Amino acid sequence: MSAATRRLTTAQALVRFLSAQYTERDGVRRRLIAGTWGVFGHGNVAGIGQALVEYADVMPYHQGRNEQAMVHAAVGYARQLNRLSAQAVTTSIGPGATNLVTGAALATVNRLPVLLLPGDYFASRVADPLLQQLEHPVEADVSVNDTLRPVSRYFDRVTRPEALIPSALGAVRVLADPAETGAVTLALPQDVQAEAYDWPEEFFAERVWSVRRPAPDPAELAAAVTAVRAARRPLVVAGGGIHHSEAEEALKAFVDATGIPVASTQAGKGSLRHDHPADLGGIGHTGTAVSDELARTADLVIGVGTRYTDFTTASGTLFQNPDVRFLNLNITGFDAHKLAARTLVCDARSGLELLTEALAGHRVEEPYAAEYRAGKERWEQVVETAYRAQDDTAVPTQTQVLGALDAVVGDEDVVINAAGSLPGDLHKLWRSRSPRQYHLEYGYSCMGYEIPAALGVQQAAPGTPVWALVGDGTYLMNPTEIVTAVQENLPVKLVLVQNHGYASIGGLSESVGAERFGTAYRHRAGDGTFTGAPLPVDLAANAASLGMDVLRAKTVRELRDALAEARASSRPTCVYIETDPAPTAPPAEAWWDVPVAEVSAREAATRARARYDTEVAERRRHL
Ligand SMILES: Cc1ncc(C[n+]2csc(CCOP(=O)(O)OP(=O)(O)O)c2C)c(N)n1
Ligand SMILES: [Mg+2]
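Calculation rules
Residues numbered from 1 in each chain as written. Chains lettered and ligands numbered in written order. Predicted model: local features only at pLDDT ≥ 70, side-chain atom pairs only at ≥ 80, totals over all residues. Heavy atoms only, no water. Helix = DSSP H or I, 4+ residues; strand = E, 2+ residues; numbered from the N terminus. Expected span 1.5 Å × (residues − 1). Buried < 20%, exposed > 50% of the residue type's maximum accessible area, 1.4 Å probe, protein only. Arc of directions from axis to C-beta. Contact = heavy atoms within 4.5 Å. Near = heavy atom within 4 Å. Polar contact = N/O pair within 3.5 Å; in protein donor to acceptor, adjacent residues only side chain to side chain. Areas by Shrake-Rupley, 256 points an atom, 1.4 Å probe, with all protein chains shown as cover. Nonpolar A, V, L, I, M, F, W, Y, C, P; charged D, E, K, R; others polar. Donors = N, O, S within 2.8 Å, 3.2 Å for Na, K, Ca; no water. Pairing = 2+ DSSP bridges. Right-handed = clockwise from strand over helix to strand, strands pointing away. Axes fitted to C-alpha atoms, helices over the stretch in contact; angles between N-to-C directions.

Novice: Can you tell me about helix α23 (residues 556-568), naming the residues and giving the values?
Specialist: The terminal C-alpha atoms of α23, which comprises 13 residues, lie 19 Å apart, in line with the 18 Å expected from a rise of 1.5 Å per residue. Along α23, the positions that sit buried rather than exposed are Val556, Leu559, Ala562, Leu563 and Ala566. Here the buried residues of α23 occupy an arc of 120 degrees about the axis, which is enough to place them on one side. Away from its buried face by more than 90 degrees, α23 exposes Asp561 and Ala568. Buried-residue contacts for α23 involve α16 (398-408), β20 (466-471), β21 (493-498), β22 (549-553) and β23 (573-578).

What follows is the structure, encoded as structure tokens:
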């Protein structure tokens, strides 16, 4: 070995390199890749696996059960730390690698960093076809890992040791870049992982990646200020970018100075504390009445760090003021330009601070402020009604479950959810008390995110009570990481809501004329349909069998006690509750486009289509 080089395998070099990467923002330095999750197979056991044991002192290893779940855990971790620290996930080739696809898509859709390290075919091809190799008949360089390309923000296959150098540098650049980040994939041919090379020492030097806060262009800022001053009914739509940028204080200062109210997306909820007079709660299909009413009449929508999904815009039907204009403050030009907006391409915090400064003295008129404050008060009553149970000894409805949880959590507790009927209820009702409390993954709304994400959040925030809220369908999709929580003694709290199937999709199915087909968990009846008795499945026993403490609650009072006990426990604990299906959630205030059969022999569908045709006529294009 010469003085300037170090002889290591490619896998050893990668692990060593990753352990020396840091991010820095606002003077705070963190490990960029703080740990590596892994399930081993022949595609990574001898390469990355060996490197992880050799460098266990500098790269913590976490043992997962399922590759998709490991990505969810890593994403939960990165989100909790505002994308300033992330984790890697190593897999074997073949099924281990393709199990990453869902998690990768979730990460990329939500703009959250995760480094994926799947094994790949031999670069030498001498032993083809390997166990689990695709062997594409006419595109010989394609492997199953190519399924990760469209869901990755950076992809490379490292087919020679020295190719790792540019590849690894490119990967970490994207992971640390606030405008580009998402899933990053380095596919690692199995033979290359184990191959030795003389690496330049500089490759292993500490590197600090500055997570920049770009300021807006002065001309764009001046135009934005003119637009805000001219608006009579401005409304902020707060997206996830506010959290990623830690711009909550800057938003509050902007709102306190201008009186402009804030409605939030699923990712942005909690940007303002729920009891701030200008916080109107969720917007869009699952929004509050006051947010959606203001959205309908707003003349200037100020989108901050939002992607404007169909839930936010009510599939293009929400912003109905004929003169409505958009002003989008976003770190990506891609999102900033949506809805033909005026753009402020910048970091959320620096943009809001400069806007506040430039708007000094400007305030919305008092009647407008009085209007939204009154609307907010009316919505508070809706929340109270949905939360309150008249009878403590009765089986709770789902919104009463949320009411019980609301009564138990503290300001810093984190509540995680992603799919089912809970996201809508939470978006309408939840009272966020701190910026990190409301952790809704609704970019991909992926059933099965919740439990593994809770592990990642708990790793990022030791000592903070972390709650995963899951429906029975979601639980069955992905309970595997309960075992990991038990192994690592991560005291995550699981609230398991049993309603015997897909309540959310059942309701949606009914509204689109599909008659709840295939959405209940029931025995097959004599006529061949799934309308028999509920299935004798005991999910509480299942969670207990995986090692969790389980508290079964039957009534509102028992639920409250169980939640308090779970919160105080230092062990992973599941609170199991069967809910009353009575509808206590407020109905949707705005539409969501789910196209309905244009022709059908069944009446439910023809009726639904007639309704659909009226709704769709409301759609506007903002050009
Ligand atoms: C991985 C995945 N598959 C399918 C869906 C579509 N989907 C959304 S909600 C839902 C049902 C969720 O059931 P459950 O967790 O029991 O919640 P509930 O609807 O009963 O509240 C389904 C199938 C999804 N979001 N994610
Ligand atoms: Mg369910």
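Novice: Report on the site of ligand 1, specifying residues and quantitative values.
Specialist: Taken together, the neighbourhood of ligand 1 is formed by 16 residues, with Ser421, Ser445, Gly473, Thr474 and Ser504 sitting nearest. At a separation of 3.2 Å, a nitrogen atom of ligand 1 approaches a polar backbone atom of Met447. Here an oxygen atom of ligand 1 and a backbone polar atom of Ala503 are 2.9 Å apart. Isolated, ligand 1 exposes 580 Å² of accessible area, and the fraction of that covered by the protein chains is 78%. Among the elements of the structure, α19 (472-477) and α21 (503-511) are those that each provide at least two residues to the shell around ligand 1. Of the residues forming the shell around ligand 1, the biggest block, four residues, is contributed by α19. A per-class count over the shell around ligand 1 returns six nonpolar, nine polar and one charged.

Novice: How would you sum up unusual backbone geometry? Please name residues and give values.
Specialist: The linkage connecting Asp128 with the following residue, Pro129, adopts the cis geometry, with an omega of -15 degrees. The backbone of His500 shows a phi angle near 60 degrees, a positive value even though the residue is not glycine. Inspection of the secondary structure assignment puts His500 in the loop between β21 and α21.

Novice: Tell me about the side chain of Asp593, and please be specific about residues and values.
Specialist: Turning to its location among the elements, Asp593 is positioned in the loop between β23 and α24 (603-616). Take Asp593: its relative accessible area is 17%, and that puts it in the buried class. Looking at Asp593, its side chain comes within polar contact range of the side chain of Tyr612, at 2.8 Å. When residues no more than four places from it in sequence are discounted, the contact partners of Asp593 are Ser315, Tyr612, Val616 and Arg619.

Novice: Help me get a handle on the coordination of the magnesium ion (ligand 2), residues and values and all.
Specialist: Think of it this way: four donors in a tetrahedron around the metal ideally sit 109.5 degrees apart, and six in an octahedron ideally sit 90 or 180 degrees apart. Within the protein, the magnesium ion (ligand 2) binds to Asp472 (OD), Asn499 (OD1) and Gly501 (O); these donor distances fall in the range 2.0 to 2.1 Å. Site description for the magnesium ion (ligand 2): donor spacing in sequence, D-x26-N-x1-G. Note that Asp472 is positioned in helix α19 and Gly501 in the loop between β21 and α21, a separation of 29 residues in sequence. The burial state of Asp472 is the same as that of Gly501; both residues are buried.

Novice: Describe the pairing of β22, with residues and values.
Specialist: With five bridges connecting them, β22 and β23 associate as parallel partners. Directly across from Ala553, in β23, lies its bridge partner Ile577. Chirality of the crossover, the property in question, places the unit of β22, α23 and β23 among those that are right-handed.

Novice: Give me the sheet that holds strand β14 (residues 279-282): which residues, what numbers.
Specialist: With parallel pairing, the six strands of this open sheet are ordered in space as β14-β13-β12-β15-β16-β17. Here the strands that pair on one side only, and so sit at the sheet edges, are β14 and β17 (342-345). Taken over all neighbouring pairs, the strand axes of this sheet differ in orientation by 20 degrees on average, direction set aside. Where strand β15 (residues 300-304) and strand β16 (residues 325-330) come together, five bridges link them in parallel fashion. What sits directly across from Val301, in β16, is Phe326. In this fold helix α8 (residues 218-230) packs onto β15, β16 and β17, with an angle of close to 130 degrees to the strand it touches most, β17. Its contacts with the sheet put helix α14 (residues 348-358) on β15, β16 and β17, and the angle it makes with β16 is roughly 125 degrees.

Novice: Kindly report on the sheet that holds strand β3 (residues 28-31), identifying the contributing residues and their values.
Specialist: Across the sheet, which stays open at both edges, the three strands sit in the order β3-β2-β11 with mixed pairing between neighbours. Both outer strands of the open sheet, β3 and β11 (207-210), are each paired with one neighbouring strand and no more. Going across the sheet, the axis of each strand differs from the next one's by a mean of 30 degrees, ignoring polarity. Of the pairings in the sheet, the one linking strand β2 (residues 21-25) to β11 comprises four bridges and is parallel in character.

Novice: Residues and numbers for the side chain of Ser432, please.
Specialist: Structurally, Ser432 can be placed in the loop between α17 (422-429) and β19 (438-440). Given a relative accessible area of 2%, Ser432 falls into the buried group. In contact with Ser432, other than residues within four places in its own chain, are Lys269, Gly270, Arg273, His274, Gln437 and Tyr438.

Keep in mind these numbers describe shape, not what the thing actually does.
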